[in-house]
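# Descriptive analysis of the structure
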Amino acid sequence: MKVWPGIHHKGLFSPPSKLSPPKPRLGLQGRLFLLQVGVGLLLVSLLALLQVHQLLTDTVHQYGERALTLSRAVAALPQVVAELKRPQPRSQDINPMVEGLRERTGADFIVVADAKGIRLSHPRSELIGKSLLTEDNQEARDETPKVLLGQEVVSVSQGHLGRSVRGKVPVLDEQGQVIGLVSSGYLLPRVETVALQVSRDSLPWFGLALLLALLSSMLISRHIKREILGLEPEEIAALMLQHQAVLETMHEGVLVIGGDNRLQSANPRAYELLSWNEVSPISLADLWPELANSGFLSGGSAVRNASLSSGGKPLLVDVFQATDGRRVVIFRDREEITRLAEELTQTRQYAELLRAQTHEFMNRLHTIGGLIQLGQPQEALHLIQREHRQNAALQNLIADIGVPKVAALVIGKSARASELGITFGLEPGSSLSSRWAGLAEEVLVVTLGNLLENAFEAVAQAKPKSVSLMMGEDPEGLQLEVSDSGPGVVPALSERIFEAGVSSRGARRGLGLSLVRERVGAVGGTLTHFRRDGRTVFQVSLPLEAIQPEAGG
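Rules used throughout
- Residues numbered from 1 in each chain as written.
- Predicted model: local features only at pLDDT ≥ 70, side-chain atom pairs only at ≥ 80, totals over all residues.
- Heavy atoms only, no water.
- Salt bridge = Lys/Arg side-chain N within 4 Å of Asp/Glu carboxyl O.
- Helix = DSSP H or I, 4+ residues; strand = E, 2+ residues; numbered from the N terminus.
- Buried < 20%, exposed > 50% of the residue type's maximum accessible area, 1.4 Å probe, protein only.
- pLDDT = per-residue confidence, 0-100.
- Contact = heavy atoms within 4.5 Å.
- Pairing = 2+ DSSP bridges.
- Axes fitted to C-alpha atoms, helices over the stretch in contact; angles between N-to-C directions.

Below, the discussion takes up the pattern of salt bridges. One pass over the full model with this rule turns up 11 salt bridges. Of the charged contacts, one joins Lys85 and Glu174 as a salt bridge, the two residues approaching to 3.0 Å between their closest N and O atoms. On the criterion of sequence distance, the pair formed by Lys85 in helix 2 (residues 78-85) and Glu174 in the loop between strand 3 (162-172) and strand 4 (178-187) is long-range, its members being 89 residues apart. Residue class for Glu174 comes out exposed when judged on its relative accessible area of 59%. The partner of Arg269 in a salt bridge is Glu272, and the shortest N-O contact between them spans 3.0 Å. One end of the pair is Arg269 and the other is Glu272, both in helix 7 (residues 268-274) and three residues apart, which spans about a single turn. Classification of Glu272 by relative accessible area gives exposed; the value is 52%.

Structure below.
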């Protein structure tokens, strides 16, 4: 089907075996819930990892700032400055004081070194007197010269006590000369312990967030389930495929028109009837201006069997209003319907003729047979002679009808009228020359067959039951009249009696007179009805121009 976003595309028809896929064990609501649970767990886990990482980073930074502040405080102590100014600083004077300060501040180490990098204090006494420049860790060896050049350093590096965050500052004398350094630090296990403890304290909040996410996912999945009418995705897909298969195989054109009068959907037959090949959004005024200007889409009620055209092609249109404001337009080729109606009319006429003749013939045979069995052959002979005279009268009746198909129709309708108890006959002087034979199948048989059948139905409850047919030619053309003793056309339908679908005999009727008017109008003729002398008359006038092509050939 030729469509755009939101409309099925031509060629997507799937085999019937794919229209009903097996239903999965887990429904849509369960799958949505599990999906959202998985997404929630993933997001909460990622947020927790990011939180822990950020917390570790912030904790390391804070402990680094604390170590740097502690180192600055120690480097500013008069006792430390005085001792480092001595030519030979003594560790026994600095180490006890610094260790006491370390214990009070909670630092893992405070190291004081002279201008040569020789330690004067350390938590491990065996390292006192050894140079910082000879440490195994390259990072520590690189930091010491920077500090001795007057820079402050905060770093995370490996030391004798383990990996730690440390802050190193130079010790300056009154002239601003570097006379030593102070390095304070905190071991990373302690820092990480603090960060993880804070993270553990946050776990209940992460759990609460996950619980809320699960509850919301349950509510959302239930809401979605209600919105799609409790169907599973596979069931929706099957329905869409079935819907598409139906539309693609329909012999009628189908259009779905939105509230803005733009085409939303169409099946292949619609594009074929409208001779349109574009596959893009389009307004109804561009696609089918006759429908857009007809007013059929503006009313709130449905429109049925309305006559319309598209590019000169006659169509029959039905318009239905959807609850969401959209309109569904179903249309058919009127010429095709006309051909089908003609075939149906002729088939029904032939069937009625055969049935009537069979019925009458069987009645006569049974009567003749009964008379012979009763020993009254003379009565049987009289009956045969009377039937012969009636047949001769019928032959005389149609003697002036020079078109065999019309004559056959009159014979059949006469037998049908006799079966129904209706008085039927040709008006005196009726005639039809053979020059009208070219219109017999297309116009005359369809016209007379429908008008006579309507007349028979009209007199079904009338008394007397009388139908007459008049055929006559004049300089202007051919005149046909079918009159009946019925009650006539209902006044409310008098003006619309020739429209398709309009009938006083119930639903699914009202095509016969519409078909007659169309066929008569196609050759330039007219169809009218009126009352005359208490009888209903349907009059058909066919101009001579209707047969000139045949005459000229």
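There's more to say after this.
Considering every residue of the protein, the mean pLDDT works out to 78; 80% of them sit at 70 or more. Scored below 50 in pLDDT, residues 1-22 makes 60 contacts in the model with residues more than four places away or belonging to other chains.

On to the sheet that holds strand 14 (residues 535-543). Strand order in the open sheet made by the five strands is 10-11-12-14-13, with mixed pairing throughout. Looking along the sheet, the strands with just one partner apiece sit at the ends: strand 10 (423-426) and strand 13 (526-532). Each adjacent strand pair in this sheet contributes to an overall mean axis angle of 15°, direction not counted. Examined bridge by bridge, strand 11 (residues 466-474) and strand 12 (residues 477-484) share eight bridges and lie antiparallel to one another. Note on strand 12: the bridge partner recorded for Asp474 is Gly477.

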